[in-house]
Amino acid sequence: MTTQTNRCSTAVVSQFLDGSLSRPEEAAFESHLDQCERCRETLDQAVASERDWNELRLSLTTDGLTPDSFPDGEPQSASRSNDLNFFRRLLSPSDDPRMLGRIATYEIAGLLGHGGMGVVFKGFDPAVNRSVAIKMMLPQFANSGAARQRFFREAQAAGAVVHEHVIAILCVSTWQETPYLVMPYVRGISLQKRIDDQGALQLRELLRIGMQVASGLAAAHAQGLIHRDVKPANILMEEGVERVVLTDFGLARAVDDIRLTRTDTLVGTPQYMSPEQARDEPLDFRSDLFSLGSVLYEASTGRPAFQAVTSYGVLRKINDLQPTPIQELNPDIPDWFALIIERLMAKNPVDRFASASQVAKLLRQCLSHVEQPRLTPLPASLVQADHSPPFRFTRRFAMYTALLTISLGLAAAMMPGGTDDGGQAASQATTKNKNKAAKKYASAQEAFQIGAAFYNSRNFAAAREPFEAVIQLAKDDDALKLKAYEALLQPYREIPEFEPFQTAAEYVIANHKHDASRSLTRRAYLSFAYNRGQMKNLVARYEKQLKKDPNDWMAVYLLSEIYSRGAGLPPSVEHSKRAIELLEHLAKLDAERKKAEGKPETELSPAEAAKISREKGRLAMQYMRAKDYSKAAALYEEIAPLDTTTHAWNLKEAATARLKLGDKENALRLALAAEKAPAEARNDQLTHFFERHMGDMFLALGKPKKAIPHYEIAIRKTTIDGYVKGTQASLQEAIEKAKSE
Amino acid sequence: MAAAPETQVSLILRLADSRDAAAWDEFVAIYRPVIVRLARAHGLQQFDADDLAQQVLLSVARRVPDWEADPQRARFRTWLGRVVRNAALNALTRRKPDRAAGGTSVLILINGKAATDCDDEELLELEWRRQAFRWIADQIRDEFQPQTWEAFWLTAVDGLSAAEAAKQTGKSIGAVYVARSRIMARFQQQVRTLSGEEAAEVAR
């Protein structure tokens, strides 16, 4: 089976997908794809069905992100004409031909936007001659009593906040049984648009906006109301005046409304959610402070603090990670302002400011300082660096804290996310003070309980120290030690050093008695190593251990997986052979282990057997490419019965190899066996390849009658014209030969 | 009030002998939104749907200690999948049907047809698959060069033509195809792993 990547070939596509093309072959395939539309289609179809491609697109685009409820500027009738036509049905006809329609007495001039549950129109109130924004509930939700109640409750709650930096609610009512509320129309753009268009804002503007939003929030909080959705798109910047207005209390809930204190999972973008919101825990007003911090972060740097492909990814980052230090993205931001944002964005609510009004007051003082630095000093609280909460993402501050930590001999485990210097210093400090730390706890049990409490509140960094103490204190309580190491994997994942994770993972793999846990830990360990670029070191480490002791179980366990999954290693005969060798050795070691434990000796588990046969398949493919056909044929035939999903395919490959050797007798025997073997459960495109190869084989073996049905199936199984044509030509040839027989 | 998901994590940590905490996290991350959406399709309001998901996951968490006793030794993931699907479908069918406010239309949006009981399993499967795609995207992104990922994203998700994506990423059209099919293949492999169709051991 020669591989010609410079022209269309049915085999190359499947080889590419199997990962068995060499680098140059792959490059040739790539440049062939550049030219050949047909092969692109084949590739798309071979890798996934059309349904899967669609599913993928749908799932990643409709990612819980609803359009902003307040888009910018004037109503856009052209680009949103579809939306417009849809929402137009909610309106009554207007007498004014320039208007879209009417809600009660309001003339509707256009669509401002729509969100998950409602739509916002731009309207005109003829009675007072001014523009308004009308938010209307979508009719499908209006049927539900609970949803209606909520809409009114929100309107009332927001309406109760009268403040210059909070949007006013002018009227709440229903129209044709659908609830709506009326707000003043704010001419201007949202902070989101401003950031998108112009990037990071000037310090003065940052302070002004922060101060105004904080004072608006203070007013809401005074009414017992949490906004819950503070984000740049909900902050409107009025045109011509230096004033911002906080809008869209769509998610706002009264603090005392117990039933409603839980979030709507992923309504709108989660990017500005607080960690407690991301975890779906009960909230208080400090959640809004975190979101305000995220808004100021984005306004200072031009990009969101937490970005990921999916909503879930964003939530995880909010919960687990510190954002990039602000001054790395914008060196113009002074230390003290970066510190304010960091304090707002503290993961733990108690480390944030005490109230929104405190923040407003602080920012007002800062603004005065920036406008008149000589007359007004910076607030004293910002000058002295004696903050107790562990700020983690100002570079200088992290270093400072690290030094302080060492000099005081404190447990530095509290700050794992620092800079490289800080992190290393911290870990040295940890080593020195491990014993000291262990003395804090009365027993290993107690340390474990405290660690578990931190772990359960997902404060993994804080869980590190007590769990490390467990390991110091546990002595011969191996079960507890194992639990502690298992729990430590999470905090270790987040620190710059690789070794602690390695130690913990190795301990778990060596000592856990459940196969499933061992293999999960192995998977986590290898993917962690892969992401940290440690794969080569791992191979060296375990090969060295095997040189010392060829029966080192863990080295075999890990290396066999590394080689058979080809993690970062190029496919080759050597690697495949090594993988098989190790897998078989592992099976032997496992059997001995079971015997030693007095368990009955069992055959290979199906998973292990499948792994070995898959690896042998890969080796056979390597033999094939090296034109070592006799080895390839023998191996393919040997492994064929081991795996039903590839049974027929492997027999066919064995037949191909025999044919290459000119051994027609065996080739025919194998081809006939392939015909009878269980059909391969793969997609249509691969079935096409299989049947076409079978047809070619029988034709080459001088059995045109046998080739005909295979070509017929092959034609049915592909939708690609070129393949249909090619196979039809072969079919014609087979029919003619069959006639002349 | 229903317990927070963390309670389940602690249940796992304490009761289940620390077993498979990672698999559990992954499991909750994927199934929770799936159950919520399924419940929403049944006409439940958002917070009721959240509650239901909470109850279902809690009931599954309580059953985790059973797993050890299971002589079949199904893989943890496969076993969890089976238990949660049954629990979710039971919880939904046992409920009195709420007024289907928006529910039917949501389902029509998702599925292109009206809701009937026998569609539940299909819908669950569909939602599970979508959620799995989202979760996987987050997991595997770092494995690829940023431009490779971008080429995939622009064509497979944003729906740009390969030519446009090639222009934006500075790659050749062939390279765009190679990138997107390689990433899609990885998605497929991960989906098989998550659904228990393939042995769980995937090294990277």
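For clarity, every value in this text was computed on a predicted model and none was experimentally measured.

1. Regarding the overall build of chain B
Part 1: If you tally the helices and strands in chain B, you get 9 helices and 0 strands.
Part 2: Mapped in sequence order, the helices and strands of chain B form the string α-α-α-α-α-α-α-α-α.
Part 3: A burial count over chain B gives 46% of its 204 residues as buried.
Part 4: Contacts in chain B between residues far apart in sequence, at least 24 positions, make up 64% of those at least 6 positions apart.

2. Examining the overall build of chain A
Part 1: Helix and strand counts for chain A stand at 33 helices and 11 strands.
Part 2: Per-residue burial for chain A yields a buried fraction of 46% across its 741 residues.
Part 3: Long-range contacts, defined here as pairs at least 24 residues apart, represent 60% of the contacts in chain A between residues at least 6 apart.

3. A few points about the confidence of the model for chain A
Part 1: The pLDDT averaged across chain A works out to 76; a share of 76% of its residues lies at or above 70.
Part 2: Ignoring residues within four places in sequence, the model shows residues 384-432 of chain A, a span with pLDDT below 50, making 75 contacts including any to other chains.

4. Looking at the nonpolar core
Residue and element names in this part refer to chain A.
Part 1: Ile-134, Ala-214, Leu-292, Ile-341 and Leu-344 are the most contacted members of the largest nonpolar core, which totals 84 residues.
Part 2: The element best represented in this core is helix α9 (residues 203-222), accounting for 10 residues.
Part 3: Mapped onto the domain boundaries, this core takes at least three residues apiece from domain 2 (81-186) and domain 3 (190-383).
Part 4: Counting 83 residues, the second largest nonpolar core, distinct from the first, contains Ile-562, Tyr-563, Ala-640 and Met-697.

5. Here we look at the environment of Asp-696 of chain A
Part 1: Note that Asp-696 of chain A resides in helix α31 (residues 684-700).
Part 2: For the pair Asp-696 of chain A and Thr-656 of chain A, spaced 40 residues apart in the sequence, the C-alpha separation amounts to 9.9 Å.

6. Describing the packing of α9 of chain A against helix α15 (residues 356-371) of chain A
Packed helix pairs are specified by the crossing angle of their axes together with the interaxial distance, meaning the distance between the axes.
Residues and elements named next belong to chain A.
Part 1: Here α9 crosses α15 at 155°, and the two axes come no closer than 8 Å. With respect to each other, α9 and α15 are oriented roughly antiparallel. Note that α9 runs across α15; the crossing there is left-handed. Seen from α9, the contacting residues are Leu-203, Arg-204, Leu-207, Arg-208, Gly-210, Met-211, Ala-214, Ser-215, Leu-217, Ala-218 and His-221; seen from α15, they are Ala-356, Ser-357, Val-359, Ala-360, Leu-363, Arg-364, Cys-366, Leu-367 and Val-370.
Part 2: Each residue belonging to the contact of α9 with α15 can be placed in one class, and the counts come to 13 nonpolar, 4 polar and 3 charged.

7. Things to note about the pairing of strand β9 (residues 235-238) of chain A
Residues and elements named next belong to chain A.
Part 1: Of the strand pairs in this sheet, strand β7 (residues 188-190) and β9 are connected by 3 bridges, and their pairing is antiparallel. Its bridge partner being in β9, Ser-190 is matched across the sheet by Leu-236.
Part 2: One ladder, built from 3 bridges, connects β9 with strand β10 (residues 244-246); its direction is antiparallel. The residue of β10 that forms the bridge with Leu-236 is Val-245.

8. Observations regarding the environment of Ala-540 of chain A
Part 1: By secondary structure assignment, the location of Ala-540 of chain A is in helix α24 (residues 535-548).
Part 2: A tally of 10 C-beta atoms within 10 Å means that Ala-540 of chain A is categorised as exposed.

9. Digging into the packing of helix α3 (residues 37-47) of chain A against helix α9 (residues 173-194) of chain B
Part 1: It is the contact of α3 of chain A with α9 of chain B, at a shortest axis distance of 9 Å, that shows an interaxial angle of 10°. Judged by the angle between their axes, α3 of chain A and α9 of chain B are roughly parallel. Facing Arg-40, Leu-43, Asp-44 and Val-47 of chain A of α3 of chain A, the residues of α9 of chain B in contact are Tyr-177, Ser-181, Met-184 and Ala-185 of chain B.

10. What about helix α29 (residues 647-660) of chain A?
The periodicity of an α-helix, 3.6 residues per turn, causes residues three or four positions apart to be oriented the same way.
All names here are of chain A.
Part 1: Between its first and last C-alpha, α29 extends 20 Å over 14 residues, near the 20 Å set by a 1.5 Å rise per residue.
Part 2: Most of α29 sits out of view: 13 of its 14 residues are buried.
Part 3: At the exit of α29 stands Gly-662, carrying a positive phi of roughly 80°.

11. Observations concerning the sheet that holds β7 of chain A
Residue and element names in this part refer to chain A.
Part 1: Taking strand neighbours across the sheet as the criterion, the 3 strands line up as β7-β9-β10 in an open arrangement whose pairing is antiparallel. Two strands close off the open sheet at either side, each with one partner strand: β7 and β10. Neighbouring strand axes in the sheet, compared pairwise and without regard to direction, differ in orientation by 25° on average.
Part 2: Each of β9 and β10 is contacted by α9, which is oriented at about 35° to β10, the strand it contacts most.

12. So, the environment of Ile-169 of chain A
All names here are of chain A.
Part 1: Along the chain, Ile-169 turns up in the loop between α7 (145-159) and β5 (171-175).
Part 2: Residues Ile-169 and Ala-157, 12 residues apart in the sequence, show an inter-C-alpha distance of 9.6 Å.
Part 3: Residues contacting Ile-169, with those up to four places away along its chain left out, are Ala-155, Ala-158, Gly-159, Leu-181 and Met-183.

13. Here's the deal with the pairing of strand β6 (residues 178-184) of chain A
Residue and element names in this part refer to chain A.
Part 1: Counting buried positions along β6 gives 5 out of 7 residues, so the element sits mostly inside the fold.
Part 2: Note that strand β4 (residues 130-137) and β6 share 5 bridges and pair antiparallel. Each residue of the ladder has a partner; that of Ile-134, found in β6, is Val-182.
Part 3: Where β5 lies against β6, 5 bridges are found, and the strand directions are antiparallel.

14. Points about the confidence of the model for chain B
Residues and elements named next belong to chain B.
Part 1: For chain B, mean pLDDT is 66; residues scoring 70 or higher make up 54% of the total.
Part 2: α9 holds the highest mean pLDDT among the elements of chain B, 87, whereas helix α5 (residues 103-111) holds the lowest, 34.
Part 3: The model gives residues 1-20 a pLDDT under 50, and that stretch makes 44 contacts with residues more than four places away or in other chains.
Part 4: A low-confidence stretch, residues 96-118 (pLDDT under 50), is modelled with 38 contacts involving residues beyond four sequence positions or located in other chains.

Thresholds applied
Residues numbered from 1 in each chain as written. Chains lettered and ligands numbered in written order. Predicted model: local features only at pLDDT ≥ 70, side-chain atom pairs only at ≥ 80, totals over all residues. Helix = DSSP H or I, 4+ residues; strand = E, 2+ residues; numbered from the N terminus. Buried ≥ 20, exposed ≤ 12 C-beta atoms within 10 Å, placed from the backbone. Contact = placed C-beta atoms within 7 Å. pLDDT = per-residue confidence, 0-100. Core = buried A, V, L, I, M, F, W, Y, C linked by C-beta atoms within 7 Å. Domains from an automatic or database assignment. Axes fitted to C-alpha atoms, helices over the stretch in contact; angles between N-to-C directions. Parallel < 35°, antiparallel > 145°, perpendicular 65-115°, else oblique. Left-handed = near helix turned anticlockwise from the far one by under 90°. Nonpolar A, V, L, I, M, F, W, Y, C, P; charged D, E, K, R; others polar. Pairing = 2+ DSSP bridges. Expected span 1.5 Å × (residues − 1).

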